[in-house]
Amino acid sequence: MSKVRDSIVAGLVLLAGRGRRKPRKDALRTVPKLDPNPGAETWAILLFFFAALCAVAFIVVYAIDSLPRHTQLLGLSLGLCLLSIAAALIITAHKLIVTEELVEPYSPEEHPNEQELIAQVVEESGDRLTRKRLFKLGIAAAGGTLGLAAITPALSFGPFLETRYFLGTPWRKGRRLVDDKGKPYKATDIEADNFYTAFPERIPDQDKEELGAALVLVRLPVDSLRLPPELKGYDAGGIVAYSKICTHAGCAISLYRAPLFQPDEPRPALVCPCHYSTFNPADGGSVMFGPAGRKLPMLPLSVDAKGFLRAKGNFDGEVGPSWWGSRIWKPNP
Amino acid sequence: MRASRLIALVLALAAAAGPAAAAPGGGSGKALYGQYCIACHGPNGSGVPQGRLSGGAALRQQQVQRALAPSLQGVGALAADFYLRTGYMPLQRVGIQPRRSRVLFSEPQLQALIGYVASLGKGPAIPKPQPQRGDISQGMSLFTEHCAGCHQVVAEGGVVTGALPPALEDATSTQIAEAVRIGPYVMPTFTKKSISDSQLNSIIRYVQYAKHPDDRGGWALGHIGPVPEGLVTWFLAAVALVGMCMVIGKRLSS
Amino acid sequence: MVGIPDLEAEPVIRRTVRFLDERTATAPLLRKTLRYLFPDHWSFLLGEVALYAFMVLVATGTYLTFFFVDSTKQVVYHGPYAPLRDQHMSEAYQSVVNISTTVKAGLLIRQTHHWAANIFLAAIVLHLFRVFFSGAYRKPRELTYILGVTMLMLSLLEAYMGYSLVDDLLSGMGLVIGYSVGLSLPFVGGNLMEWLFHGPYPGQASLWPRMYIAHVLIFPILIGMLLGGHLLLVAMKHHTQFKKKRSQSENAILGVPAFPGQAPRSLGLLFGTAGILFLLGGLVQINPIWLWGPYHTYSSTNGAQPDWYLGWLIGGLRLVPSFDLVIDGYTLVPNPFWGGAAFPLLVFGFLYFWPWIERRLTGDQSFHNVLERPRDNPRRTAIGLWVVSWVFLVFVAGASDRVNVMFDLSYTSQIWFYRVFIWVGPTIIAFVAYRVCKELQASEKTKHEQHKAEARARLAAIQRTEA
């Protein structure tokens with residue numbers, strides 16, 4: 001019992017008692033003396049202890065799995081802990097320490113003597129050299145080429161000059177179109193007013209991520225198609241296939257604007273959700289709106305004897321966002 | 001919140017003062033059709049494909065604009081139920097995107113009208129989806145593949161040039177099933193061949209989940225990512241920090 | 001110690017100082033540091049906020065490295081979060097889903113890290129505004145400023161890599177856009193990106209470890225080194241000050257010493273910043289990647305946006321009309337170049353060269369320790385506001401799709417509006433700002449003269465009565 005009482009008394013003394021510092025002998029202080037501010041001091045002390053309490057709460061919350069809103073309680077306890085320390089420190093700053101206002105000269109604009117000395121040392125050190133220019137050139141040559149040599153291994157990151165990789169797509173003549181589960185599409189599977197994502201048959205999952213792999217398929221009324229002469233025959237009875245990757249910034253074109261009642265509503269369009277480039281599926285993928293600078297690449301289609309959709313060749317243009325060579329080469333048929 | 005919706009609502013209220021008074025008890029489906037639908041959809045739901053005006057004495061004064069609407073023969077109870085119970089129809093004016101708005105009709109009126117439209121031709125019945133039998137993970141995959149491009153991956157709605165795919169927060173399971181099959185306005189139409197009924201159950205289960213998803217991170221900010229996060233950064237956090245700088249920054253006596 | 005008479009304290013302090021000085025000979029340096037003066041204005045603390053946010057970023061980021069997996073190898077998820085079960089995803093994405101769901105306190109750390117990134121950049125931008133509009137970058141502090149602008153640029157790249165690494169649906173869409181912008185650089189774009197990504201997008205498995213080491217080591221060290229240089233230069237030349245009192249001048253600084261005056265204030269700001277960040281991290285959800293799902297090149301979502309600090313670039317990308325600059329089949333400038341590369345290069349070019357442009361305009365070669373208020377230099381204020389509002393309007397244009405959803409203003413008409421208004425708006429703002437500065441100057445001048453005249457009159461009156 002007495003131990004408990006003793007510790008309570010000790011605690012109270014700790015909390016409420018104020019130590020008096022012995023007056024310093026020397027009257028020459030650097031930091032001026034101000035009167036104590038017991039009220040502010042109490043607040044600061046309370047805040048520090050509250051912060052400690054919050055930190056303990058954080059540990060306790062961490063340990064208990066079953067608490068609902070675990071992340072919120074963790075954030076709240078840690079956040080409050082930090083904020084109470086901040087508050088205590090701000091009180092300390094404003095009320096408990098001496099805020100001196102001092103004036104001091106800015107550092108001098110320049111140090112002429114030192115400048116002179118440095119220049120002299122550097123200049124005079126080279127006095128023994130007779131072909132200074134050549135000497136400097138040698139240093140520059142060694143340093144420059146060493147620098148180049150040092151960054152040369154970074155060329156192994158990837159191909160730099162070989163640009164044919166941009167042209168590669170997994171599409172070949174005769175390859176069947178399958179859905180994301182690998183089931184081949186029949187021409188009759190493709191219905192009007194809907195859009196389908198297709199991949200080449202039998203490629204590993206990882207290759208489906210290649211920009212050249214995914215297609216978007218839609219069926220349009222044959223008489224609404226306005227394919228330019230060079231794309232004649234790319235459709236299979238009104239079914240048209242385009243690269244699913246936007247030619248602007250490479251996002252997937254996963255919006256198909258399919259008007260239910262044509263006379264009133266916007267025309268059919270394929271739209272990219274990143275910058276809203278809008279492509280016309282009826283005329284070979286031309287840009288109707290938005291920033292894309294190149295039409296969507298189109299894949300020629302055919303229907304085999306069993307009714308399956310097959311590629312009749314490769315895309316009519318390069319797949320994916322543009323670079324300097326995008327219009328120079330075409331994917332190999 | 002949405003200005004046009006409010007305007008539409010006000011207009012609808014103004015227009016609706018009539019129907020409730022005119023036919024409080026219900027009235028036959030055909031009579032309601034004649035009153036509200038015939039002007040655009042034509043007699044017997046034959047559709048008005050080419051800007052021809054027709055029928056509907058009560059609405060004749062509103063037909064200054066062109067009247068153009070698809071045929072309703074064969075759309076079935078499914079479409080009628082969807083358009084009427086979402087308040088998509090009657091449309092304020094031809095050519096605009098139908099939006100979710102106040103339903104103009106009482107329950108008996110709705111049933112009569114739906115029955116009448118269903119009787120115009122052989123069409124699909126109102127679907128009865130069973131989302132509890134769906135698989136939420138399959139639903140999320142399918143939703144990402146078919147729907148997220150327009151409706152956003154957590155079904156918060158989005159933009160397609162020329163139209164506004166709505167958020168699905170108010171969509172009931174039946175309405176989702178109906179919309180998938182109809183493809184209202186510029187939405188694609190998904191038949192059972194491309195999305196089977198069981199897949200549809202999964203999608204609906206996911207959409208229902210997406211209305212109140214797992215927000216374990218705290219205040220959800222509408223599940224649309226960086227835009228509201230940026231607003232919190234500037235209007236909450238940056239303001240608080242600048243405030244703190246002001247409290248701390250005053251050091252010298254003035 | 002609280003409450004106990006401080007009998008021991010003095011000897012301890014003295015002993016410690018002696019120990020340190022004898023072994024490190026740092027007493028003179030330490031004394032100078034303790035009495036280093038901080039001049040007075042709240043806006044001088046904005047840079048400190050950025051510093052503290054950076055410290056939180058390093059601390060939380062270190063934690064995250066223990067749980068993140070830097071691999072794009074495809075795996076099938078079997079964890080506890082039902083909507084993702086059985087979905088194919090990269091190991092990187094799976095590890096972040098785990099951090100957010102199964103790692104205890106993982107989500108708090110992750111969200112705090114992300115909020116800290118947003119606020120780090122916000123603080124840098126506010127700090128930059130203060131420095132620019134008060135003319136703090138002028139001689140002799142151009143180098144400090146250049147280091148700061150470079151840090152801003154590196155931080156943008158660093159943050160971009162950070163959210164790309166997660167490999168969720170939004171981050172993948174962001175990464176491919178960045179790739180496309182790189183691809184659009186005239187002459188070299190294709191080669192450069194092929195080299196950097198190890199082949200065309202999405203590159204090879206080697207990309208992720210490279211981006212990871214850049215995000216957690218190379219860039220933080222670069223930023224840290226620049227930060228050190230920045231602070232060193234500030235200390236060597238002392239901070240600038242606003243002139244409010246007689247004792248302040250180009251030659252003399254008035255301020256509070258580092259100790260005891262500034263120390264608790266700065267520490268308070270450190271803890272306050274960290275506190276706000278952890279509160280946000282616990283209470284406000286940021287980038288809930290488990291809701292976005294995994295990324296595949298062939299999937300995308302509506303409403304995809306970058307974090308705010310890259311919002312100006314998506315605005316730029318969206319505003320450019322449809323064209324690629326093609327010369328005889330050679331695509332000289334692909335479209336994303338304008339909004340994604342030329343636009344930020346122009347803005348950063350302006351920031352880098354402004355101190356010298358201004359010097360060329362004014363012919364001012366002298367040293368400046370005293371700051372100007374925006375009104376004191378109407379030309380700078382007007383030009384600065386032109387650039388700020390230009391960037392800001394492009395930024396707002398980048399959110400026009402969300403504006404369409406919220407307020408039903410057609411997206412296409414908004415884009416057409418902004419294509420014109422980003423040029424007209426800033427011009428109006430700059431002109432108005434110029435006039436306002438001039439008016440303020442004039443009214444101050446009249447007020448000043450009025451005070452002078454009144455004082456003179458009073459003096460005369462006193463002299464009269466005395467006479």
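Up top is the structure.
Residues numbered from 1 in each chain as written. Chains lettered and ligands numbered in written order. Predicted model: local features only at pLDDT ≥ 70, side-chain atom pairs only at ≥ 80, totals over all residues.

What exactly am I supposed to notice about the overall build of chain C here?
Along the backbone of chain C there are 16 helices and six strands. Taking all contacts inside chain C whose residues are at least 6 apart in sequence as the whole, residues at least 24 apart take part in 75%. (Helix = DSSP H or I, 4+ residues; strand = E, 2+ residues; numbered from the N terminus. Contact = placed C-beta atoms within 7 Å.)

Just to check I follow, could you spell out helix α8 (residues 173–182) of chain B for this structure?
Quick reminder: α-helices carry 3.6 residues per turn. Residues three or four places apart thus point the same way. Residue and element names in this part refer to chain B. By the criterion of burial, α8 is predominantly enclosed, with nine of the ten residues buried. Within α8 the residues assigned to the buried category are S173, Q175, I176, A177, E178, A179, V180, R181 and I182. Summarising the contacts, the buried residues of α8 are in contact with α4 (76–85) and α9 (197–211). At the C-terminal side of α8, G183 shows a positive phi close to 70°. (Buried ≥ 20, exposed ≤ 12 C-beta atoms within 10 Å, placed from the backbone.)

What exactly am I supposed to notice about the interface of chain C and chain A here?
Accessible area lost upon the coming together of the parts serves often as the stated size of an interface. Taken together, the contact pairs 85 residues of chain C with 80 residues of chain A. In terms of residues, the side of chain C that touches chain A owes the most to one element, helix α10 (residues 258–283) of chain C, which gives 15 residues. For the side of chain C that touches chain A, a count of residues per class yields 46 nonpolar, 32 polar and seven charged. Bridging between strand β1 (residues 102–105) of chain A and strand β4 (residues 252–257) of chain C involves four bridges; their strand directions are antiparallel. The residue of β4(C) that forms the bridge with V103(A) is L254(C). (Nonpolar A, V, L, I, M, F, W, Y, C, P; charged D, E, K, R; others polar. Pairing = 2+ DSSP bridges.)

Can you help me understand unusual backbone geometry in this one?
The general pattern is negative phi for most residues beyond glycine and trans for most peptide bonds. Along the chain, K139(C) connects to P140(C) via a cis peptide bond; the corresponding omega equals 10°. Looking at the element boundaries, P140(C) is found in the loop between α5 (106–133) and α6 (142–165). A positive phi angle is found at A155(B), which is not glycine, with a value near 60°. Considering the arrangement of structural elements, one finds A155(B) in the loop between α7 (148–151) and α8. According to the C-beta neighbour criterion, A155(B) is buried, with 25 such atoms within 10 Å. The phi angle at F187(C) is positive, at roughly 70°, despite the residue not being glycine.

Hey, could you run me through the interface of chain C and chain B in this one?
In this complex, chain C contributes 61 residues to the contact, which on the side of chain B involves 56 residues. Contributions of two or more residues to the side of chain C that touches chain B are made by α3 (46–65), α5, α7 (169–183), α10, α11 (289–292), α15 (400–407) and α16 (411–466) of chain C. Considering every element that reaches the side of chain C that touches chain B, the biggest residue donor is α10(C), with ten residues. For the side of chain C that touches chain B, the class distribution of residues is 32 nonpolar, 21 polar and eight charged.

Where do I start with the packing of α4(B) against α8(B) in this structure?
If you want to describe how two helices pack, look at the angle between their axes and the distance between the axes. Residue and element names in this part refer to chain B. Their axes nearest at 9 Å, the elements α4 and α8 cross at an angle of 120°. Classified by the angle between their axes, α4 and α8 sit oblique to one another. Like other packed secondary-structure pairs, α4 and α8 cross with a definite hand, here left-handed. On α8, the residues touching L78, A79, D81, F82 and R85 of α4 are Q175, E178, A179, R181 and I182. By residue class, the composition of the contact of α4 with α8 is five nonpolar, one polar and four charged. (Axes fitted to C-alpha atoms, helices over the stretch in contact; angles between N-to-C directions. Parallel < 35°, antiparallel > 145°, perpendicular 65-115°, else oblique. Left-handed = near helix turned anticlockwise from the far one by under 90°.)

Looking at this model, I keep getting lost on the sheet that holds strand β7 (residues 269–271) of chain A. Mind explaining?
Backbone-to-backbone hydrogen bonds join strands into a sheet, with any given pair of strands oriented parallel or antiparallel. All names here are of chain A. Taken together, four strands build an open sheet; the order of strands is β6-β7-β8-β9 and the sheet is antiparallel. Every other strand in the sheet has two partners, leaving β6 (255–257) and β9 (286–289) as the edge strands with one partner each. Pairwise comparison of adjacent strand axes, ignoring direction, gives a mean angle of 35° for this sheet. When strand β8 (residues 278–280) meets β9, the two strands line up antiparallel, connected through three bridges. In the strand pairing of β9, F279 is matched with V287.

Got a minute to help me understand the environment of G76(B) in this structure?
Residues and elements named next belong to chain B. Here G76 is to be found in helix α4. Distance from G76 to Y185, taken between C-alpha atoms, is 17 Å for residues 109 residues apart in sequence. Sequence-distant contacts of G76, that is, excluding residues within four places in its chain, are made with A118, G123, P124 and A125.

Any chance you could explain the pairing of strand β4 (residues 215–219) of chain A here in plain terms?
Two faces, one strand: in a regular strand the side chains alternate between the faces of the sheet. Residue and element names in this part refer to chain A. For β4, the tally of buried residues reaches five of five residues, placing the bulk of the element in the interior. Residues of β4 alternate between two faces, with L215, L217 and R219 on one and V216 and V218 on the opposite face, all of them buried. The pairing of strand β3 (residues 195–200) with β4 spans four bridges and is classified as antiparallel. Within the sheet, the bridge partner assigned to Y196 lies in β4 and is L217. Looking at chain direction, β4 and strand β5 (residues 239–243) are connected through five bridges and run antiparallel.

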